[in-house]
Amino acid sequence: MSPVRILLADDHTVMRNGLRLLLERQPHLQVVGEAADGRQAVAISESANPDVVIMDIGMPNLNGIEATRQIVNRNPRTAIAILSMHSDESYVIRALKAGARAYLLKDSAEADLLAAVRALTEGKSFFSPAISKILVEDYMRQLESRGAEDTYELLTNREREILQLLAEGRTNKEVANMLNLSLYTVETHRTHILQKLNLHSVPELILYAVRKGIIA
Amino acid sequence: MRPEDTKDAVVFKRSVQPLQWGTQVALLASFGGMLGLMLFAGVDSLRALRQVQLRNVQIRQTFLLRNRALEEIRSALYQSGTFTRDYLLERDASRAETYRASLQQVQVEMDAALARYSRSLDGPEESPFQALQGRISDYWKVLDPVFHWDADEKLARSDDFMHEELFPRRATTLEIADRIAGVNEQELNNGDERLKDIFDRFRYRMGLMLAITLGVGVLLALATTRHILHLARDADLRYRQAAQAQGQLKELSARLVEAQEQERRAISRELHDEVGQSLSALLMELGNLGAVAPGDAELRSHLESIRKLAEGSVNVVRNMALLLRPSMLDDLGLVPALQWQAREISKRTGMAVTVDAETVADDLPEDLKTCIYRVVQEALHNCARHAFARSVRIQVVQQSGRIHLSVLDDGQGFDSTHTRGLGLLGMEERVTHLGGNFQLHSEPGHGTGLRIEIPLSESAMEAIA
């Protein structure tokens, strides 16, 4: 099995060194490059073509979210894990919308990073448990304060199944293959799910799934 | 405002003295004097007119009176001639006696008229009047012997007497009466002359008065105008001074706010990026250390306790940074920052806060973004701290070059026409500094509604487009 090729993008050298040390202790992981800002990250992604990019948000020149958008636009197969100090959901949703598939908090990087890289190589999403906890708590509080009904109850069993697969990062086609359904049926289900949950995009759906505790 | 503009601040040095006693007295005296002159002139002319009128009436009356007396004297003279002739020609003694009685009656009337005339006698008439009196008395004396004549004498002498004594004397006496009438008329004319004199003197006095009043008035008007112009200039100067000071104060406060914001941003960034990142790196290295360290239980427990401390510090630093200035405002834009603020306040107070801001661009100009964020922050703070609201609705709309913000709560409200705290003042200051307008409406028991509207500058609109 060929090693997982990883690019580190963070403006703090100490942080990059620590991450490199952490990752390279694993024999199947290989750090193929380091970038100190967003622009470098985009350039090195282009040349080194990594499987996974570990990306900080607050970086000079081009921030991590913009860099993510550009890298995913050029090569959608690149899996990007945001590694940030920011735990607010606005950063999470923005990162997901830009195309990131994992969101990790820096203070728990040491514990979560390896699990995140594994999830990404399996084509799944990953969120730091601390992030999941914050998102779930916020969601519960909102439900409580607004007295809104739990929209998850509106979904059929099949829709819940598809919601989970989509939230884990599967494409429509993958879902169709796994469940033995036509692509058209999966797309129809997806539309219904978004309507019922009053969501507008797959990133929002992922966030929803995290909040509901459907995925970690 | 650029730094070099501040030199304008020392331009105005002159100050205005308050109106002094001397000026007050002078103003009072001159206005009083002018009014006094006008009053005097008015009274004087009325008095003079009345005098002239009286004089005129008096002259006319005297003239008429004398004229009538003269007429009476003249007619009495004629009648006396007629009665004397009738007496002389009458043969019947008793009838002749009635003529004589009539003649005596005429004499009495003439005496009365003479007496009336002599009462209003004037200088130039004196000598002709005395001549008239003498003639008349002679006339009567000449007539007197006739009444002692018997019938024969009457018959024999009356003809001669009438033609040689009676008629010539009557004629000369009448002549004198005519002369007196002439003098009387002359007197009337003289009276008119005197009236004219009085009039002339009056006119002269009037003219003089008018000239003095006019002169004083012109002087007074000039002095007053000068003083008023002076006051107006000073008032204008002061107004400009005040306006400039106010502008500078506003500028200063805006700059203070800006400086505070920059400071907050710098500290927040520093905390987050330097302290926070270092602590994160520390945690990372702790992890690495844990991986290579021997499995000694004591070492493990120390490592664990260091990790907990560092984790706690990361949280503290993150919260401090967010409270100073949320990083979303700079990293992601206004709306994520507002949403974060709404979630935070909900978490802390249990108040339900909704943010509706779908039409707002991410990259609004820096000052506008900050202004709206800080206004919302202050408003939410008020809702939670003072209004005890249960829910708050924040709406931001970007429409035709303007940003509209409304914050509505269902709290207990207050009397917004009377109460304005420093916080509200600060909000208003921020908004007006960006050329926007600020409206706050609240009534006790009816919640509070805050509405602001800020224009996007042209460069900002281009940047967003």
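The structure displayed is predicted, hence computed values, not measured ones.

Moving on: the overall build of chain A. The helix and strand tally for chain A stands at 10 helices and 6 strands. Out of the 216 residues in chain A, the part that is buried amounts to 45%. For chain A, restricting intrachain contacts to residue pairs at least 6 apart in sequence, the fraction spanning at least 24 positions comes to 63%.

Every contact between the two is made by 25 residues of chain A and, on the other side, 26 residues of chain B. The set of elements that each furnish at least two residues to the side of chain A that touches chain B consists of α1 (13-24), α4 (89-98), α5 (109-121) and α6 (129-146) of chain A. For the side of chain A that touches chain B, the leading source of residues is α1(A), giving 6 residues. Grouping the constituent residues of the side of chain A that touches chain B by class yields 9 nonpolar, 7 polar and 9 charged.

What follows is about the sheet that holds strand β2 (residues 391-399) of chain B. Residue and element names in this part refer to chain B. The mixed open sheet is built from 5 strands, whose spatial order is β1-β2-β3-β5-β4. The sheet is open, and its two edges are formed by β1 (352-356) and β4 (437-442), each paired on a single side. On average, each strand axis in the sheet is inclined to that of its neighbour by 10°, with strand direction left out of account. Pairing of strand β3 (residues 402-409) with strand β5 (residues 448-455) involves 8 bridges; the strand directions are antiparallel. Across the sheet, the residue bridging to V407 is L450, located in β5. The sheet contacts of helix α7 (residues 334-349) involve β1 and β2, and relative to β1 the element is tilted by about 170°. The sheet strands contacting helix α8 (residues 366-387) are β1, β2, β3 and β5, and the helix crosses β3 at an angle near 10°.

All names here are of chain A. Look at α5: 17 Å from first C-alpha to last across 13 residues, which is about the 18 Å you get at 1.5 Å a residue. The complete set of buried residues in α5 reads A109, E110, D112, L113, A116, V117, A119 and L120. G123 occupies a position one or two residues after α5 and carries a positive phi of about 80°.

Another aspect to go through is the packing of helix α2 (residues 38-48) of chain A against helix α3 (residues 64-74) of chain A. All names here are of chain A. As a packed pair, α2 and α3 sit with axes 9 Å apart at the nearest point and diverge in direction by 20°. The orientation of α2 relative to α3 falls into the category roughly parallel. Pair α2 / α3 crosses with right-handed handedness. In contact with G38, A41, V42, S45 and E46 of α2, α3 contributes G64, E66, A67, Q70, I71 and R74.

Here the focus is unusual backbone geometry. For residues other than glycine, phi is negative in most cases, and the peptide bonds are mostly trans. Unusually for a residue other than glycine, A:N198 sits at a positive phi of about 60°. Unusually for a residue other than glycine, B:S400 sits at a positive phi of about 35°. Note on placement: B:S400 falls in the loop between β2 and β3.

Residues and elements named next belong to chain B. In the predicted model, chain B carries a mean pLDDT of 83, and 93% of its residues have values of at least 70. In the predicted structure, residues 1-16 sits below a pLDDT of 50 and forms 6 contacts with residues beyond four places in sequence or in another chain. Across the interfaces of the predicted complex, the ipTM metric reaches 0.76, alongside a pTM of 0.63.

Moving on to the environment of B:L121. Residues and elements named next belong to chain B. Residue placement: L121 occurs in the loop between α2 (93-119) and α3 (126-143). In this structure L121 comes out as exposed when scored by C-beta crowding, with 12 C-beta atoms within 10 Å. Taking the C-alpha atoms as reference, L121 lies 9.8 Å from N184; in sequence the two are 63 residues apart. The residues touching L121, leaving out its near neighbours within four places in the chain, are E126 and F129.

One key point about sheets: their strands pair by backbone hydrogen bonds, in either a parallel or an antiparallel sense. Residue and element names in this part refer to chain A. Overall, parallel pairing links the 6 strands, which are arranged β2-β1-β3-β4-β5-β6 in an open sheet. On the outer flanks of this sheet lie β2 (29-35) and β6 (126-127), each paired with one strand and no other. Both strand β1 (residues 4-9) and β2 contribute to a ladder of 6 bridges, which runs parallel. Paired with I6 across the strands is V31, a residue of β2. On top of the sheet, α1 reaches β1, β2 and β3 (52-55); it is set at about 165° to β2, its chief contact.

Residues and elements named next belong to chain A. For helix α10 (residues 202-212), a buried count of 9 out of 11 residues is recorded, marking the element as mostly surrounded by other parts of the structure. Of all the positions in α10, only P203, L205, I206, L207, Y208, A209, V210, R211 and K212 are classed as buried. After α10 finishes, the residue G213 shows a positive phi value of roughly 75°.

Criteria and thresholds
- Residues numbered from 1 in each chain as written.
- Chains lettered and ligands numbered in written order.
- Predicted model: local features only at pLDDT ≥ 70, side-chain atom pairs only at ≥ 80, totals over all residues.
- Helix = DSSP H or I, 4+ residues; strand = E, 2+ residues; numbered from the N terminus.
- Buried ≥ 20, exposed ≤ 12 C-beta atoms within 10 Å, placed from the backbone.
- Contact = placed C-beta atoms within 7 Å.
- Nonpolar A, V, L, I, M, F, W, Y, C, P; charged D, E, K, R; others polar.
- Pairing = 2+ DSSP bridges.
- Axes fitted to C-alpha atoms, helices over the stretch in contact; angles between N-to-C directions.
- Expected span 1.5 Å × (residues − 1).
- Parallel < 35°, antiparallel > 145°, perpendicular 65-115°, else oblique.
- Left-handed = near helix turned anticlockwise from the far one by under 90°.
- pLDDT = per-residue confidence, 0-100.

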